[in-house]
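If you want the building blocks of each chain, they are given just below.
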Amino acid sequence: MSTSSPTGNIESILHEDRVFPPSEEFRSRARIGDPAEYERLYRESIEQPDAFWSRIASELHWFEPWENVLEWDCPSAKWFSGGKLNLSFNCLDRHVASARRNKAAIIWEGEPGEIRTFTYQQLLTEVEKFAAVLKSLGVQKGDRVALYMGMAPELPVAMLACARIGAPHSVIFGGFSASALVDRIHDCQATLVITQDGSFRKGTEVKLFPVVEEALKSCPTVSNVIVLRRSGTPINMQSGRDHWWHDLMAASNKNAKPGTPAEPLDSEHPLFILYTSGSTGKPKGVLHTTGGYSVGTYLTTQWVFDLRDDDIYWCTADIGWVTGHSYILYGPLQCGATVVMYEGAPNHPQPDRFWDIIERHRVNILYTAPTAIRTFIKWGDDYPNAHDLSSLRLLGTVGEPINPEAWMWYREVIGKNRCPIVDTWWQTETGHMMLAPVPGVVPTKPGSATKPLPGVLPEIVDKDGNPVPDGQGGFLVIRRPWPGMLRTIYGDPDRYVQQYWSQIPGSYFTGDGAHRDKDGYFWIMGRVDDVINVSGHRLSTMEVESALVSHPAVAEAAVVGRPDELKGQAIVAFVTLNHDHKSADRLPELKEDLRKWVTKEIGALARPDTIRFTEILPKTRSGKIMRRLLRELASGNEVKGDTTTLEDFSVLARLKEEE
Ligand code: WT7
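So, here's what we can say about the structure. (Residues numbered from 1 in each chain as written. Predicted model: local features only at pLDDT ≥ 70, side-chain atom pairs only at ≥ 80, totals over all residues. Heavy atoms only, no water.)

By the criterion of burial, strand β19 (residues 394–398) is predominantly enclosed, with 5 of the 5 residues buried. Side chains of β19 alternate between two faces, with L394, G396 and V398 and L395 and T397 buried alike. Bridge count for strand β18 (residues 365–368) against β19 is 4 bridges, and the pairing is parallel. By the bridge assignment, I365 is partnered in β19 with L394. Strand direction decides the pairing type here: β19 and strand β20 (residues 421–424), joined by 4 bridges, are parallel. Bridge pairing in β20 places L395 opposite I421. Following the chain from β19 across helix α15 (residues 404–414) to the adjacent parallel β20, one finds a crossover that is right-handed. (Buried < 20%, exposed > 50% of the residue type's maximum accessible area, 1.4 Å probe, protein only. Helix = DSSP H or I, 4+ residues; strand = E, 2+ residues; numbered from the N terminus. Pairing = 2+ DSSP bridges. Right-handed = clockwise from strand over helix to strand, strands pointing away.)

So this is what it looks like as structure tokens:
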């Protein structure tokens, strides 16, 4: 990637000094529009957190009030302990009892073009019925339910029904393979799977049920499967185990009036498990609980999106990732927002689908990812320019660092220089946004996630935990607990402590490198561990490596990321072969074979972009693969820095020859 290209290089954030304050028009109408007032609120959140969080939490409904705002025994946090609440109640019943009852909660658009709208009352009715269905299949409070679906409106219905009865859900992104599904279902010991026949993307059907069918051959804990009919494709249902969604709902309609009340749950009752990649091969089941997560997503949705009651809000993420959990579903619905949800691809039937959706639904707030923005730049300005985007008031990004060139394009071509951009930094583990501008009061800078949100105390430190001077790079850590923080890694409390709280004792280790500028703005430089970010999707290099070495032809594999203009990072695999697989004429075929293999083992999102066969991998004397050297090689850079620990110096020369 070169700095002169239209989309530019992430390095260019190092030289960025433009500042964009909110327009007077935006500021004067903003929820929070007085910088001094915001400064006071942030200070209160740090100095008197109990008072601050009590006030925010009491805007939600509690069956029983909390006793303590926070009990902190590092690294174990309890927020709002003693309190009882239900997130499904706060998303639905609370609004149904108010003037929002007949307001649209979800406006869903299928890829083929159909539109379905659910008012808060309608959504509640569906959720009550489905909660009764779950109970009728024996799902009890605390039981884990796995969801493997596309972006159908029934996915939020299922999640809210789980939350209603206190059964933690684990949503598994529809792009994962059967074997990835097995790992996750096995890890959380789910007893029920909810899926659909298929979903639509790019004009074709993405088959989902057959993947579940395959996975369930190795998932003895699962006794029931609920299948939503979406694509209408014929499927092989196993009698006694597999049930149609619509049959169960019809029966529930008859039996379960007036519905299933929301169970009062302890504030620390598990809400969901979401698997994410860490720096080892095994995905981590990030566990979130009810009270703190509710309050954190509620506050950040309202403040960062400057949400108003008449807004139409659209987050383009897939619900299979945390962004969808927090900012399609739980944050916006707690705020009583109207959410647009879209099933398919951005280029179906044409590359203007997003702009068409914004124009037709009069979307006011758009939240998307840098990788999508860079793709739109590539497709050309004619597509957005052909649509009336004047309804937009605010734009957001999430998932990876945004290069200033893409930021400026978003601002000019989509936002017509009117709309503030909120670049929001957070993680699956943080549950909700951590660094982001409150748009009426924090001027933005292209490429910076700006400043900490209330209650968040970030710092840039060196490897010993000492703060580094402003302007100098270091590790981003968080100095104290926040409401939506993960509580543990499901089934692996030691890994929770070791991953997040041991690297810099007493602080939460984010795994990101960053620096803070003289104005106190944070600039995220990317991961410092063996995690790569491909199109905003997090992948562990070791996960891809273990998929590769499980192939009979592969002896060893080392996987690294290289900068990619569209995806942020692309996957490069260096592979050594077993000697009986080295015949040169079969190598191109083998490359394709390995790509398919990884797709089967993990999913298409982990498919290597480049595979390089090599005779040998660079290792230290202690036998560790030197990924840093491979990263340099893969990026086309000169190999710099210390190579003195290389076990065999000739390796470097040989790898270069093999290019
Ligand atoms: C990692 C977390 C948060 C939901 C989506 C991803 C990177 C995320 C930003 C941003 C720079 C960002 C970080 C982080 N990241 N947002 N605004 N600027 N980098 O969640 O899969 O848990 O990944 O994504 O590297 O650690 P995730």
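Attention now moves to the site of the ligand. If you check the shell around the ligand, you find 17 residues, and the closest are D423, T424, T428, D512 and R538. Residue P401 places a main-chain N or O atom 3.4 Å away from a nitrogen atom belonging to the ligand. Measuring from an oxygen atom of the ligand, one finds a side-chain N or O atom of R527 at 2.9 Å. Relative to its unbound accessible surface of 560 Å², the ligand loses 95% to contact with the protein. Residue composition of the shell around the ligand, by class: 6 nonpolar, 6 polar and 5 charged. (Near = heavy atom within 4 Å. Polar contact = N/O pair within 3.5 Å; in protein donor to acceptor, adjacent residues only side chain to side chain. Areas by Shrake-Rupley, 256 points an atom, 1.4 Å probe, with all protein chains shown as cover. Nonpolar A, V, L, I, M, F, W, Y, C, P; charged D, E, K, R; others polar.)

Moving on, we come to the sheet that holds β20. With mixed pairing, the 7 strands of this open sheet are ordered in space as β5-β4-β17-β16-β18-β19-β20. Each edge of the open sheet is held by one strand with a lone partner, namely β5 (115–119) and β20. Adjacent strand axes in the sheet meet at a mean angle of 20° when their direction is disregarded. (Axes fitted to C-alpha atoms, helices over the stretch in contact; angles between N-to-C directions.)

Our next topic: the sheet that holds strand β24 (residues 508–516). Pairing between sheet strands relies on hydrogen bonds along the backbone, with the strands arranged either parallel or antiparallel. With antiparallel pairing, the 4 strands of this open sheet are ordered in space as β21-β22-β24-β25. Every other strand in the sheet has two partners, leaving β21 (458–461) and β25 (522–527) as the edge strands with one partner each. Ignoring strand direction, the axes of neighbouring strands in this sheet form an average angle of 45°. Note that β21 and strand β22 (residues 474–478) share 4 bridges and pair antiparallel. Bridge pairing in β22 places I460 opposite L476.

Along the chain, S391 turns up in the loop between α14 (382–385) and β19. Among the polar contacts listed, one links the side chain of S391 to the backbone oxygen of V363, at a separation of 2.6 Å. Excluding residues that lie within four positions of it along the chain, S391 makes contacts with I358, R362, V363 and N364. (Contact = heavy atoms within 4.5 Å.)

This brings us to the nonpolar core. In this structure, L123, F130, L134, I194, I226 and Y330 are the most contacted members of the largest nonpolar core, which totals 119 residues. Among the elements that line this core, the one with the most residues is helix α6 (residues 154–165), at 9 residues. Apart from residues lying up to four places away in sequence, I226 is in contact with F130, V133, L134, L137, L192, V193, I194, T195, H243, W245 and L248. If you look at the next biggest cluster of nonpolar residues, it comprises 50 residues, including W321, A557, V559 and A606. (Core = buried A, V, L, I, M, F, W, Y, C linked by side-chain atoms within 4.5 Å.)

Bear in mind that shape data such as this cannot, by itself, settle questions of function.
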